[in-house]
Amino acid sequence: MGKTARMMLVDPPGREQRYYSGFAPRLTHGDAAVLKAQHFLQANEGRDASLAVLANESGLEQRTFLRRFRKATGLTTTDYAQRLRVAKAQELLQFGSLPIERISWDVGYSDAGAFRKVFFRIVGLTPGDFRRRFHS
């Protein structure tokens, strides 16, 4: 069973599949103002995700923006930005050889420890474990 699981990129029973999935943001919600902010976040890879900047990008008041963003995406702006950053980190870990501390800096974290905690919460693996499992 383990051999089949490895061949099909599926973990054996009892292990999680979220290691294999990337972040696919909801873009078909129909809220044009929120979509503007999502495109801004995507273009900046989750950086500069301050509420003031995002509300300005969307053309909405801050409280209205927060409410509509959560309703449209199912995530807070912070969680959304973190998922974009982690997705970029996954790409760098899988296809590059930079040290994890450098990758954490490159994706916008000044504290590698905080990056590791966020990465583990979202992916379910530490950055080092992710690299060992998926590095090509």
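Reading the values: the criteria
- Residues numbered from 1 in each chain as written.
- Predicted model: local features only at pLDDT ≥ 70, side-chain atom pairs only at ≥ 80, totals over all residues.
- Heavy atoms only, no water.
- Helix = DSSP H or I, 4+ residues; strand = E, 2+ residues; numbered from the N terminus.
- Polar contact = N/O pair within 3.5 Å; in protein donor to acceptor, adjacent residues only side chain to side chain.
- Contact = heavy atoms within 4.5 Å.
- pLDDT = per-residue confidence, 0-100.
- Expected span 1.5 Å × (residues − 1).
- Buried < 20%, exposed > 50% of the residue type's maximum accessible area, 1.4 Å probe, protein only.
- Arc of directions from axis to C-beta.

(A) Expanded view of the environment of Thr78. Turning to its location among the elements, Thr78 is positioned in helix H5 (residues 77–95). Between the alpha carbons of Thr78 and Gly46 there is a distance of 8.8 Å; along the sequence they are 32 residues apart.

(B) Here's a closer look at the side chain of Ser58. Here Ser58 lies in helix H3 (residues 51–58). Among the polar contacts listed, one links the side chain of Ser58 to the backbone nitrogen of Leu60, at a separation of 3.3 Å. Here Ser58 is in contact with Ala33, Ala37 and Phe65, once residues within four sequence places are set aside.

(C) Structural view of the confidence of the model for the protein. The share of residues in the protein with pLDDT of 70 or more is 85%, and the mean pLDDT across the chain is 87. Of the regions scoring below 50 in pLDDT, residues 12–17 engages in seven contacts with residues more than four places distant in sequence or in other chains.

(D) Region of interest: helix H4 (residues 62–73). Under the 1.5 Å per step criterion, the end-to-end length of H4 is 16 Å for twelve residues, consistent within 8% with the ideal 16 Å. For H4, the full list of buried residues reads Phe65, Phe69, Ala72 and Thr73. Considered in projection along H4, the buried side chains sweep an arc of 75 degrees and stay on one side of the axis. Turned more than 90 degrees from where H4 packs its buried face, Arg63, Arg67 and Lys71 sit exposed. Where H4 is buried, its residues meet helix H2 (32–43), H3 and H5.

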